[in-house]
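Letter by letter, the chains look like this.
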Amino acid sequence: MSHAEQPTAAPRSQPQQAPPKAPGIVRRGAAALGGRVTGFAGRSFRFAGKAVGLIAVAQIGWYYYEKNDVDKFFGVVADDDGSPKKTKKKVLVLPFDSLKIVEHRKSSDLDPQRILERNKQPTITMEAKELVDIIQKAADDKNISALYADFGEGMRYPVGYAHIEDIRNAVRIFNESHRVHRNPNVGHNPVFALPRNGDPKPSYAFGYSFHWSEYFLASAFSHVHLQSRGSLDLFGATVNNLFLRSALDKYGVKAHVFKHGDYKTAPNVFTEKVYSKPHLETVKSMTASLNNTISTCIRNSRALNFDDVMWQSISDYGSLTAVNAEEIGLVDSTPSVDPLPSLLEANKSDDAKAKLEQKFGINAAFSKFPATDVVPLVKYKQMLDKRSRLEGIQTSINKTLKRMSDLSTATSLVLSGLGIYPNDVSQGDKVAVVTVDGGIGRSLAYEIISSLRKIRKDKDVKCLVLRVNSPGGSVVSSEAILEEVKALEMPVVCSMANYAASGGYYISTNAERIFAQPTTLTGSIGVYGIKFDASQWAKSYGIRSDYYPHGSHGATVHPLTPLTQNMKLNLDRTTLGYYDYFKSIVSKGRSLSPQQVERIAQGRVWTGEQAKEVGLVDAIGGLERAISYAKSAHTTTEKVQVEYWPKKSSPLESLTEMISENESCIEILRVCLAIARGDESAGNAGVVEAFLENATGLTFAQRPHFMLTMDEKTAIDLVVLGG
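Residues numbered from 1 in each chain as written. Predicted model: local features only at pLDDT ≥ 70, side-chain atom pairs only at ≥ 80, totals over all residues. Heavy atoms only, no water.

A. Summary view of the overall build of the protein. Within the protein, the regular secondary structure consists of 27 helices and 24 strands. Relative to its 723 residues, the protein shows a buried fraction of 46%. Residue pairs in contact within the protein that sit at least 24 positions apart in sequence constitute 75% of those at least 6 positions apart. Carbon and sulfur atoms make up 54% of the accessible area of the protein, which totals about 37600 Å². (Helix = DSSP H or I, 4+ residues; strand = E, 2+ residues; numbered from the N terminus. Buried < 20%, exposed > 50% of the residue type's maximum accessible area, 1.4 Å probe, protein only. Contact = heavy atoms within 4.5 Å. Areas by Shrake-Rupley, 256 points an atom, 1.4 Å probe, with all protein chains shown as cover.)

B. Focus on the pattern of salt bridges. If you walk through the whole model with that rule in mind, you get 21 salt bridges. For the salt bridge of Asp 133 with Lys 137, the shortest nitrogen-to-oxygen distance reads 2.8 Å. Of the two residues, Asp 133 and Lys 137 are both situated in helix H3 (residues 128-140); the distance of 4 residues between them amounts to about one turn of the helix. A salt bridge links Arg 590 to Asp 618; its shortest N-O distance comes to 2.9 Å. Taken together, the positions of Arg 590 in helix H20 (residues 565-590) and Asp 618 in the loop between helix H22 (608-614) and strand S22 (619-620) put the pair 28 residues apart, joining distant regions of the chain. Classification of Asp 618 as partly exposed rests on a relative accessible area of 26%. (Salt bridge = Lys/Arg side-chain N within 4 Å of Asp/Glu carboxyl O.)

C. Representation of helix H17 (residues 475-486) in the model. Spanning 12 residues, H17 covers 17 Å between terminal C-alpha atoms, matching the ideal 16 Å at 1.5 Å per step. Burial analysis of H17 places 9 of its 12 residues in the buried class, which makes it a mostly covered element. For H17, the N-terminal capping position is held by Ser 474, with its side-chain oxygen 3.2 Å away from the main-chain nitrogen of Val 476. (Expected span 1.5 Å × (residues − 1). Polar contact = N/O pair within 3.5 Å; in protein donor to acceptor, adjacent residues only side chain to side chain.)

D. A look at the nonpolar core. In this structure, Phe 96, Leu 131 and Tyr 380 are the most contacted members of the largest nonpolar core, which totals 64 residues. A total of 7 residues in this core trace back to one element, the largest contributor, which is H3. What Phe 96 contacts, discounting residues up to four positions off in sequence, is Ile 101, Leu 131, Ala 149, Asp 150, Phe 151, Met 155, Ile 167, Leu 217 and Phe 221. Counting residues in hydrophobic clusters, the runner-up holds 46 residues, among them Ile 449, Val 468, Met 496 and Leu 592. (Core = buried A, V, L, I, M, F, W, Y, C linked by side-chain atoms within 4.5 Å.)

E. Spotlight on the sheet that holds strand S8 (residues 210-211). Within the open sheet, the 3 strands sit side by side as S8-S10-S12. Their pairing is mixed. Of all the strands in the sheet, the pair left with one neighbour each is S8 and strand S12 (320-321). Sheet topology note: the strand S10 (residues 231-233)/S12 ladder contains 2 bridges and is antiparallel. The residue of S12 that forms the bridge with Leu 232 is Leu 320. (Pairing = 2+ DSSP bridges.)

F. Quick look at the sheet that holds strand S13 (residues 373-376). Across the sheet, which stays open at both edges, the 5 strands sit in the order S9-S7-S4-S1-S13 with parallel pairing between neighbours. Edge positions in the sheet fall to strand S9 (223-226) and S13, since each of these pairs with one other strand and no more. Within this sheet the neighbouring strands show an average axis-to-axis angle of 25°, counted without direction. Alignment of strand S1 (residues 90-94) against S13, held across 4 bridges, turns out to be parallel. Bridge assignment links Lys 90 to a residue of S13, and that residue is Asp 373. Each of S1 and strand S4 (144-152) is contacted by H3, which is oriented at about 165° to S1, the strand it contacts most. (Axes fitted to C-alpha atoms, helices over the stretch in contact; angles between N-to-C directions.)

None of this, on its own, says anything about what the molecule does.
Structure below.
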């Protein structure tokens, strides 16, 4: 073996070296840094604890400050000057000349129009149920001794008859505040009222003139005053209808209407020049029923001895002067100016009282006026809302203390030593009220369905009250809402407001009990579809449209495509299918035979009073009576919470909700931009169309107009704006 080939010796294994130790300065630096971090954390926690404590103290201080303010307003505690607690004599003023009464306010914020009208008479937007609640709370408030309605030169915003009936009923309760009403939303009957201590509270109405609906409301007040040069126009209910047939003919546009139900008159706006015979029959029946109900209410409120002949004579005569109205008992006096300032001063001194008699003469109603101070409606509502919020805070505090007391005997002993005994604040059952307000289209359906799905998840909700104030709308949107109502698996009660017709009645058919006011307009069980043909208009301008494949139904909705026989058969068959299904759900929901349904269907509109007679409505009454029924029939706890949907939310609240629900970045950005420019309508409306297409399996862009509506405006909105 050569030297080159000799094996080399294996290298010795080296002993493993220990890692180098950190220098002493590094160890000391790390220890110092750790100490600083620990110290900083400790100081931060101590600071945070002090901050939380200060915030808690501030919150408690704020709570008691606000509570003291509320208690002083409602006369629960002594005034700042130390004067003893006493009942104040205030008059609550209802400014009907500037009130905009709606079924559902879309935003929880103030009406933007009030800001624009800073130097003008402000508009106060208020829900009908809010106003009713305020008047009824005033009836129980010992500090409110009178109610005063200021109609001024007339109501700037029209109010629906059913809303007027709700308000009239609240005024009646105020007038009879010396009684206890078991069920406040029925006509006065001694069976429903138990006597209690105290005197009736007076109510006053003043106006420079009154029209039919205004006087319908004013007559509920115990004293009605009309300005000496004013007029009383009791012309009765009037229906105005629009007809566009001649205009469409002029421009070469034809509306092909496919309807089932001779009395389904909403599409007549496009097809007729004057009233058709069924249309006129419906209008006559409806106005006669409304006038009979309203004149009966006025006669009862004013204790008048008028028969139908007398009412017809008044209507035929025209405008009554203030003197005429006073002579026949329709008003109590005819002051030259609003008497409220003088009435307030008269109760402060004998000299002022003498001046009042000198100015207005001896007047029994004026001499009984009890108040010395005014409470504006907005101020009273703010204080009621504040009191409600504080009661909610108190409930939360009680819940926390009760939970602490149950968990620890020591805590319970400490609270007892302080004289604090937390009450049992169990949640109790809930009744959910969902308001369907306006024409039923894709946006409204999205909002209602979203609310219903949230309600379904709340196991404390025992009954749904569906509040409907709608003349109808789209077939698809109405069906989407109805199916979602059926999916709730809980009892459903329906309360109808001014309108609950066609699509509004369609979504109500699953209710176990339906309530309506006598003046509610409902029914209109019928369906129609519209195909517009503007090909002649286009031809006059040299425009031509074609489509392929020929004979296809795909071009049905195109306005420049003439109606073919195949299209006609398809639209007619589809409309009949919708109509038959509508009648079938009415038959099932109302326990009526198909023959009975056919007799009361055909698109005919009924007033609430008529609807009760033919079986479409179960009972006469407003929202409060429906809620009262839901509580008594379907809840078991002593306390029942009523929740109103859709929830009112500001744009910022909508943004928070969208983030929590993982909404798309584009939608969130859109809402952010809307908030930046102050748009009150910010919300997730951008996903409406996709949502409803998923819910119904239909695509909106490829669907002709099939509608469940009783009025021309909603029909035009759906055709032009798409709902």
